[in-house]
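If you want the building blocks of each chain, they are given just below.
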Amino acid sequence: MKTLGSRCALGMLSCAFYLPLAVSFQRVTIPAELKSVVAKVAVNATSCSVTCGLGFKLEEMCEITPAGERRNCTMRRSPCLTTWGCGLLHFTVPVGKPFNFSCLSSDTVEFVSRAYTYTWRLAPGLITMNDVLFVPFKNPGFVVQFSPTRESDAGTYRCDVRMLKTFRVIKRAYFGVRVIRKDFVDLNFQKSLTHEQQLAANEVEGIKGNNTNIEVQQHFWQRKSFYKSVVGIGSGVIGVVLLRVALCSLQKTLRRSDAETQPEF
């Protein structure tokens, strides 16, 4: 009896395992209307426009026929998301100069700015990425603007971009701002170049018509002709002085010799 019961149990188990397999391998009939359906899918796409945070990519959308043919292809711009950490950017700004920086890149402002919220924090007077040192900074938008810039504006600003639906952080960027006095240093790079460096820079940039203006604007003591004139005048003065000294010495020598040769009465 025990043997018969065990056989029945094994038979029931085998039927239980076989039944789903039999059902799963039944033939599926695709309706006729589905065979003529045309699907629109992305067949090609560019890489994301940014290396961190929010960006966009161009996708080629085409209708695919049941025969696998492409037709009515169009290009569309769609948002993309890469790594959320963007690191630290440095800025050096003179006091009194208007300045602004944005948490979004210029090519994605109009495309993704409405679907996200922005939270700012500030580490006053420090250039750092230590989140413990940051305090809340009231700025509702994605742009921080100084008009004008003050010394108290120096520090590191942290921007967090969050999705409105889930409040998940999808971008975090740090902006280090150094504020200096105008009389402390001159940030005009072109002004610090020599005449030859300015000419070389203009040739590289393809600006050859302004060389005459540069020569006119150049100070007279920076010209090579000035140094040549100074050297010539100096050499002439030194030659005159040496010649005068030599003549004086010769006159004194002649007077002494005349005095010695005169007879005594």
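Per chain, residue numbering runs from 1 following the sequence as it is written. Side-chain atom pairs in this predicted model are given and counted only at pLDDT of 80 or more, local residue features only at pLDDT of at least 70, and totals for whole chains, interfaces and linings cover all residues. Excluded from the side-chain calculation are hydrogens and water; included are all heavy atoms of the structure.

1. Some points on the sheet that holds strand β3 (residues 70-81)
Here we have 3 strands laid out as an open sheet, ordered β1-β2-β3, and antiparallel in their pairing. Since the sheet does not close on itself, it has two edges, and those belong to β1 (39-45) and β3, each with one partner. Pairs of neighbouring strands in the sheet enclose a mean axial angle of 35°, with direction left out of account. Pairing between two strands requires that DSSP report at least two bridges joining them. Secondary structure elements follow DSSP: runs of H or I no shorter than four residues count as helices, runs of E no shorter than two count as strands, and numbering proceeds from the N terminus. For strand β2 (residues 54-64) and β3, the ladder comprises 10 bridges, and the chain directions are antiparallel. Within β3, the residue paired with Glu-63 across the bridge is Arg-71. For every element, the axis is a line fit to its C-alpha atoms; helices are fit only across the contacting stretch, and the angle between N-to-C directions ranges from 0 to 180 degrees.

2. Digging into the state of the cysteines
Cysteine sulfur atoms that pair up within 2.5 Å are treated as a disulfide. Throughout the structure, instances matching the rule amount to 4 disulfides. The disulfide partner of Cys-52 is Cys-86, and the gap between their sulfur atoms is 2.2 Å. In this structure the cystine formed by Cys-52 and Cys-86 twists about its S-S bond by roughly 120°; its chirality is therefore right-handed. Residue Cys-52 is located in the loop between β1 and β2, and its partner Cys-86 is located in strand β4 (residues 85-94); the two are separated by 34 residues in the primary sequence. Partly exposed describes any residue whose relative accessible area lies between the buried limit of under 20% and the exposed limit of over 50%, with all areas from a 1.4 Å probe on protein chains only and scaled to the type maximum. Classification of Cys-86 as partly exposed rests on a relative accessible area of 23%. Between the sulfur atoms of Cys-62 and its disulfide partner Cys-73 the distance amounts to 2.0 Å. The sign of the S-S torsion, about 115°, decides the handedness of the disulfide formed by Cys-62 and Cys-73: right-handed. With Cys-62 in strand β2 and Cys-73 in strand β3, this residue pair connects regions lying 11 residues apart in the sequence. Cys-62 sits in the buried class, given a relative accessible area of 0%. Here Cys-73 falls in the partly exposed class, since its relative accessible area comes to 38%. Here the cysteine-cysteine linkages of the protein are recorded as 1-5, 2-6, 3-4, 7-8, numbering only bonded cysteines and doing so in sequence order.

Read these as spatial facts, not as claims about activity.
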